[in-house]
Amino acid sequence: MTQRNGIGRTSDCCHHSEASKVLQQANGMECESILDCELEEKEQGGEHGHSAAAVGAVTAPDGGWGWVVLAANVLVLALTLAFPACMGIFYTDLQNEFHATNSETSWVPSIMTSLLHAGGPFCSMLVERFGCRATIIFGGVLSGLGMATSSLTSSITGLYITTGVITGLGFCFSFQPAITILGHYFIRRRAFANALSSTGTALGLCALPVLGDYLHIEYGWRGSFLILGAILLNCCVCGAVMRPLHPKGHQPLMNHGPSLSDTKTNDRKEKGRMSIVSSFVSKHMAFDQFRQNSRYRVYSIGITWMMLGFVVPLVYLVPYATANDMEPSQAAILLSILGIVNIVVRPPVGAIFSMPWFKGRHIYLFASALLVNGLSNSICCIGASFPVLLTYVLIYGLSMSVVGSLMFTVLMDTVEMSRFPSALGLLAIMESITLLIGPPLAGILVDRTGQYYHMFFACSVVVTSSATFLMVSFCWLDKKDRKAPSHVQPSSVPDPSPIDIVPGCQYCSVPTQGDVDRSSANGLERIASA
């Protein structure tokens, strides 16, 4: 029934293209219908100022070659998002090689993780100019080159540039377009495809530590970095199979905002460099939302504070275990177990929380899981034996799976779909700052106290306080909205159409966030049709 209605809307859109543009602005049609309409307009030669780089009508295959794209997407996520966690395998060797402190050594994975997030706006520009496939291949070359060059460095500062900056940017340029193009291949099965793709990170957490430990034993850290650089070149292969969907026209399906020709036209009209900079900032970073949208402001502050301690335990878990006389192979197994937990838990969690009953409750589920995650860090203060750390990894992995599944769903609940790319861009920049300084600050704490458990306790306090802040703040905002008159809070009035579907909804060059939330926004209709 859903598909038949969708075909009817698309047909109507194709016959009444101009009327559909008005409906898009006034009534907020579904994103798929709007997209097909704009694509048909482009194919007929129409030039519209609000066109989103669209071309002829394209139907997502929801299968076929899409499964190959999905498999490649899983591999890209495994090689990029999970890679910084395996750097802990080489942590002690890097300290001994360069006579560096914990703080100095921790800058390597810190810079890598920070740029993986902060490079989002630059990645968006590349995708808009060259497309997803070329950007993914470029990212694979950049990350492989960075790791290979790292094996030749003679100072810890050199590692900051090669492993941190070059490899981190390569990860960003591979990861984000891979998620974007997956959304073009799946619409009806998008929720299922996103659930499967999210296991890529867990797969990397499971496999990379074991592989890194084996390479470390056989070839040392320099040989391991060289081999890992070669392995990262597989991102290029994955990018090559992600062929863009496009009609008889020459441009692939790619919606990121204003088309390139429109952007050039608008830029010519604008005078001065400041206007161009202002246009770029408004497109990729939603400062207006941060000022006006209290929910987005609260969520951004909470997530930014959370990232100060959320990933730090992954960096220091292996050094903490090996410093307490645990075999490096056993310590690597802990990270693999963490990956296995994520593989098992993430898909069903994503499917369950996309059910209609959880609509409007995502933030409280997210904050509860974050609270458990923060409290779990205190388990490491008990001791460093394998049973204790195994218990920690299991609880941390379960809560991490829920947090990872809901993080961007909650963000989509707080902003309109049309502002989601810019809202995510600003959030990525904000959280990249705390991701950058978190591990070095933890390293300073370890250097000054000589004990790791102080660092785990500090992470527990940071993450727990962010969860409490989010929960209390959103409770207060919900209570405030319930007391407000209905005409002041139109979003609280029931609407027969999902409120997340808004005018100007576009595909964007940022990760699975937009795809996941658009699926959740259409959750009622898709579940009913299933």
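Remember, it's a predicted structure, so these values are computed and weren't measured experimentally.

## Observations regarding the overall build of the protein chain
- Looking only at helices and strands, one finds 24 helices and zero strands in the protein chain.
- Relative to its full complement of 530 residues, the protein chain shows a buried share of 55%.
- Long-range pairs, those at least 24 residues apart, make up 83% of the contacts in the protein chain between residues at least 6 apart in sequence.
- Approximately 22,200 Å² of the protein chain is accessible, and the part contributed by carbon and sulfur atoms is 66%.

## A word on the nonpolar core
- Within the largest apolar cluster, 99 residues are counted, with the highest numbers of intra-cluster contacts made by Phe83, Tyr299, Phe366, Leu370 and Met455.
- It is helix α20 (residues 386-414) that contributes the most residues to this core, 12 residues altogether.
- Ignoring sequence-local partners within four residues, the contact set of Tyr299 consists of Ile363, Phe366, Leu406, Met407, Val410, Leu411, Leu427, Leu470 and Phe474.
- Within the second largest apolar cluster, 20 residues are counted, among which are Val69, Cys132, Ala178 and Leu182.

## Thoughts on the packing of helix α7 (residues 120-130) against helix α9 (residues 156-185)
- For the pair α7 and α9, the least separation of the axes is 9 Å and the interaxial angle reads 65°. Considering how the two elements wind past one another, α7 and α9 form a crossing that is right-handed. On α9, the residues that touch Gly120, Phe122, Cys123, Leu126 and Val127 of α7 are Cys172, Phe173, Gln176 and Pro177.

## Examining unusual backbone geometry
- Positive phi values are uncommon outside glycine, yet His99 reaches one of about 50°.
- Residue placement: His99 occurs in the loop between α5 (91-98) and α6 (102-118).
- The phi dihedral of Asp325 is positive, around 70°, even though this residue is not glycine.
- Relative to the assigned elements, Asp325 resides in the loop between α17 (312-323) and α18 (328-353).

## Observations concerning a nonpolar patch on the surface
- Where nonpolar side chains cluster on the molecular surface, the patch consists of Ile433, Ile437, Leu441 and Ile444 and spans about 320 Å² of accessible area.
- Within the secondary structure, Ile433 sits in helix α21 (residues 420-449).

## Concerning helix α12 (residues 234-241)
- Here α12 has its buried residues at Cys235, Cys236, Cys238 and Gly239. One side of α12 holds all its buried residues, which, seen down the axis, span an arc of 160°.
- Contacts from the buried residues of α12 go to α4 (65-80), α8 (132-150), α9 and α11 (199-232).

## Side note on the pattern of salt bridges
- One pass over the structure, following the stated rule, counts three salt bridges.
- Taking the shortest distance from any N to any O, the salt bridge between Glu97 and Arg222 comes out at 3.3 Å. Linking Glu97 in helix α5 with Arg222 in helix α11, this pair joins segments that are 125 residues apart in sequence.
- The class for Glu97 is partly exposed, based on a relative accessible area of 38%.
- Owing to a relative accessible area of 27%, Arg222 belongs among the partly exposed residues under this scheme.

## Quick word on the packing of α11 against α18
- The contact between α11 and α18 brings their axes to 7 Å, and the two run at 165°. Considered as vectors, α11 and α18 are oriented roughly antiparallel to each other. For α11 against α18, the interelement crossing comes out left-handed. Packed against α11, whose contacting residues are Thr199, Ala202, Leu203, Leu205, Cys206, Pro209, Val210 and Asp213, the element α18 presents Pro328, Ser329, Ala332, Leu335, Ser336, Gly339, Ile340, Asn342, Ile343 and Pro347 at the interface.
- In the contact of α11 with α18, the residues fall into 12 nonpolar, five polar and one charged.

## Section: α6
- With 17 residues, α6 should reach 24 Å at 1.5 Å per residue; the first-to-last C-alpha distance of 24 Å fits that figure.
- Most of α6 is tucked away: 13 of the 17 residues are buried.

## Section: the environment of Val241
- Among the secondary structure elements, Val241 is positioned in helix α12.
- Setting aside its immediate chain neighbours within four residues, Val241 contacts Trp65, Val68, Val69 and Ala72.

## Focus: the confidence of the model for the protein chain
- On average, the protein chain scores 76 in pLDDT, and the residues at 70 or more come to 71%.
- Across the protein chain, element-level confidence peaks in α8 with a mean pLDDT of 94 and bottoms out in helix α24 (residues 523-529) with 37.
- Throughout residues 1-56 the model reports pLDDT below 50, and contacts reaching past four residues in sequence, or to other chains, amount to 95 contacts.
- Segment residues 248-263 is flagged for pLDDT under 50; beyond a separation of four residues in sequence, or across chains, it makes 50 contacts in the model.

## Description of the side chain of Ser143
- Inspection of the secondary structure assignment puts Ser143 in helix α8.
- Assessed through its relative accessible area of 0%, Ser143 is described here as buried.
- Those residues in contact with Ser143 that lie beyond four places of it in its chain are Thr167, Gly170, Phe171 and Leu232.

## Let's talk about the packing of aromatic side chains
- Throughout the structure, instances matching the rule amount to 14 aromatic pairs.
- Ring centres of Phe98 and Trp221 lie 5.7 Å apart, and the angle between their planes is 65°; this geometry places the pair in the edge-to-face category. Linking Phe98 in helix α5 with Trp221 in helix α11, this pair joins segments that are 123 residues apart in sequence.
- Judged by centre distance (5.3 Å) and plane angle (80°), the rings of Trp221 and Phe225 are edge-to-face. You can see Trp221 and its partner Phe225 sitting in helix α11, four residues apart, about one turn around the helix.

## Here we look at the environment of Asn373
- When you line up the elements, Asn373 lands in helix α19 (residues 362-376).
- On a C-alpha basis, the gap between Asn373 and Ser460 in space is 8.0 Å, while along the polypeptide they are 87 residues apart.
- Of note is the side chain of Asn373, whose polar atom sits 3.1 Å from the side chain of Ser399.

## Overview of the state of the cysteines
- Per the counting criterion, the structure on display carries zero disulfides.
- No disulfide involves Cys380; its sulfur sits 7.0 Å from that of Cys381, the nearest cysteine.

## Things to note about the side chain of Asn102
- In this structure, Asn102 sits in helix α6.
- A polar side-chain atom of Asn102 sits 2.7 Å from a polar atom in the side chain of Asp447.
- Not counting residues up to four positions away in its chain, the partners in contact with Asn102 are Tyr91, Gln95, Tyr316, Gly443, Val446, Asp447 and Tyr452.

The rules behind the values
- Residues numbered from 1 in each chain as written.
- Predicted model: local features only at pLDDT ≥ 70, side-chain atom pairs only at ≥ 80, totals over all residues.
- Heavy atoms only, no water.
- Helix = DSSP H or I, 4+ residues; strand = E, 2+ residues; numbered from the N terminus.
- Buried < 20%, exposed > 50% of the residue type's maximum accessible area, 1.4 Å probe, protein only.
- Contact = heavy atoms within 4.5 Å.
- Areas by Shrake-Rupley, 256 points an atom, 1.4 Å probe, with all protein chains shown as cover.
- Core = buried A, V, L, I, M, F, W, Y, C linked by side-chain atoms within 4.5 Å.
- Axes fitted to C-alpha atoms, helices over the stretch in contact; angles between N-to-C directions.
- Left-handed = near helix turned anticlockwise from the far one by under 90°.
- Patch = residues over 30% accessible without salt bridge, like charges linked within 9 Å, V, L, I, M, F, W, Y side chains within 5 Å.
- Salt bridge = Lys/Arg side-chain N within 4 Å of Asp/Glu carboxyl O.
- Arc of directions from axis to C-beta.
- Parallel < 35°, antiparallel > 145°, perpendicular 65-115°, else oblique.
- Nonpolar A, V, L, I, M, F, W, Y, C, P; charged D, E, K, R; others polar.
- Expected span 1.5 Å × (residues − 1).
- pLDDT = per-residue confidence, 0-100.
- Phe/Tyr/Trp six-rings, centres within 6.5 Å; stacked < 30°, edge-to-face > 60°.
- Polar contact = N/O pair within 3.5 Å; in protein donor to acceptor, adjacent residues only side chain to side chain.
- Disulfide = S-S within 2.5 Å.

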